[in-house]
Amino acid sequence: MAFERQHTVAFTGHRTYAGEAAEELYARIDRLAAAGATTFLSGMARGFDLAAAEAVLQRRREGLAMRLVAVVPFASQAASFPEEDRNRFRRILTETDEVIVLSPKYYPGCYQARNDFLVDHAAHLIAWYNGSRGGTQYTFLRAARQGLAIHNLSPEIQPDPQLFP
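Fair warning: this is a prediction, and the values are worked out from it, not measured in the lab.

J.: Give a description of the pattern of salt bridges that names residues and reports values.
T.: With the rule as written, the count across this model stands at 13 salt bridges. Note that R28 and E24 form a salt bridge whose closest N and O atoms lie 2.5 Å from each other. One end of the pair is R28 and the other is E24, both in helix α1 (residues 22–34) and four residues apart, which spans about a single turn. The partly exposed category is assigned to E24, whose relative accessible area is 28%. Salt-bridge contacts for R91 lead to E54; the nearest nitrogen and oxygen are separated by 3.3 Å. Taken together, the positions of R91 in helix α3 (residues 83–95) and E54 in helix α2 (residues 48–61) put the pair 37 residues apart, joining distant regions of the chain. Judged by relative accessible area, which is 22%, E54 ranks as partly exposed. A single network of salt bridges, built from pairs that share partners, joins R46, E54, D85, R88 and R91.

So, in structure tokens, the structure goes:
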């Protein structure tokens, strides 16, 4: 695990994400890479996390110099995913630069530990946060408290620029 926080971007978002902000996701990745971001962290959850990981891999195939790190909360995370998402998860893992598995097995709080890891190791957070309660909200608010630059792609919640750089 060798990456510098100031050059690292984490992703968080809802499982219900279905590609609504794909163009903006690619544009944000491009802008942050142009500004010096070299490492992108995905928590590998269904929905936005997997889409963001695929976007990083696509940009890397197109020649951008960037690393993708999969931060997996527990070893069998994808076991309960629908087959299509399980296959996406496995395919992404074969192309990542690094896989960090935080726990060999599920335990209460393991998703929060994954979300803490994402925030604690990044300077930027690209989010698909619509204001609903849950892990994405937790991660979004924790990132805000820690002063990460937040890039929320959901039109439903736009952070106050005075609070979120």
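Continuing now.
J.: Could you give an account of the environment of Q137, naming the residues involved and the relevant values?
T.: Its place among the elements puts Q137 in helix α5 (residues 135–145). Sequence separation of Q137 and G13 is 124 residues, and the distance between their C-alpha atoms is 8.6 Å. Ignoring sequence-local partners within four residues, the contact set of Q137 consists of Y129, G131 and S132. Among the polar contacts made by the side chain of Q137, one reaches the side chain of Y129 at a distance of 3.4 Å.

J.: Go over the packing of α1 against α2 with me, naming the residues and quoting the values.
T.: Geometry of a packed helix pair, given as the angle between the helix axes and the separation of the axes. Relative orientation of the contacting elements α1 and α2 amounts to 55 degrees, with a least axis distance of 10 Å. By the angle between their axes, α1 is oblique relative to α2. Of the two elements, α1 crosses α2, and the hand of that crossing is right-handed. Contacts between α1 and α2 involve L25, Y26, I29 and D30 on the former and, on the latter, F48, A51, A52, E54, A55, V56, Q58 and R59. In terms of residue class, the contact of α1 with α2 is built from eight nonpolar, one polar and three charged.

J.: Any chance you could break down the sheet that holds strand β3 (residues 67–72) for me, citing the residues and the numbers?
T.: Spatially, the six strands line up as an open sheet ordered β4-β3-β2-β1-β5-β6, and their pairing is parallel. Unpaired on one side and paired on the other, β4 (98–101) and β6 (149–152) mark the two borders of the sheet. In this sheet, neighbouring strand axes are inclined to one another by 20 degrees on average, regardless of whether the strands run parallel or antiparallel. Sheet topology note: the strand β5 (residues 124–128)/β6 ladder contains four bridges and is parallel. Bridging from a neighbouring strand, I126 pairs with H151 of β6. Its contacts with the sheet place α1 against β1 (8–13), β2 (39–42), β5 and β6, and it is angled at close to 175 degrees to β5. Contacting β1, β5 and β6, α5 runs over the sheet at an angle of about 150 degrees to β5.

Reading guide: rules and limits
- Residues numbered from 1 in each chain as written.
- Predicted model: local features only at pLDDT ≥ 70, side-chain atom pairs only at ≥ 80, totals over all residues.
- Heavy atoms only, no water.
- Salt bridge = Lys/Arg side-chain N within 4 Å of Asp/Glu carboxyl O.
- Helix = DSSP H or I, 4+ residues; strand = E, 2+ residues; numbered from the N terminus.
- Buried < 20%, exposed > 50% of the residue type's maximum accessible area, 1.4 Å probe, protein only.
- Contact = heavy atoms within 4.5 Å.
- Polar contact = N/O pair within 3.5 Å; in protein donor to acceptor, adjacent residues only side chain to side chain.
- Axes fitted to C-alpha atoms, helices over the stretch in contact; angles between N-to-C directions.
- Parallel < 35°, antiparallel > 145°, perpendicular 65-115°, else oblique.
- Left-handed = near helix turned anticlockwise from the far one by under 90°.
- Nonpolar A, V, L, I, M, F, W, Y, C, P; charged D, E, K, R; others polar.
- Pairing = 2+ DSSP bridges.

Just geometry here; none of it tells us what the structure is for.
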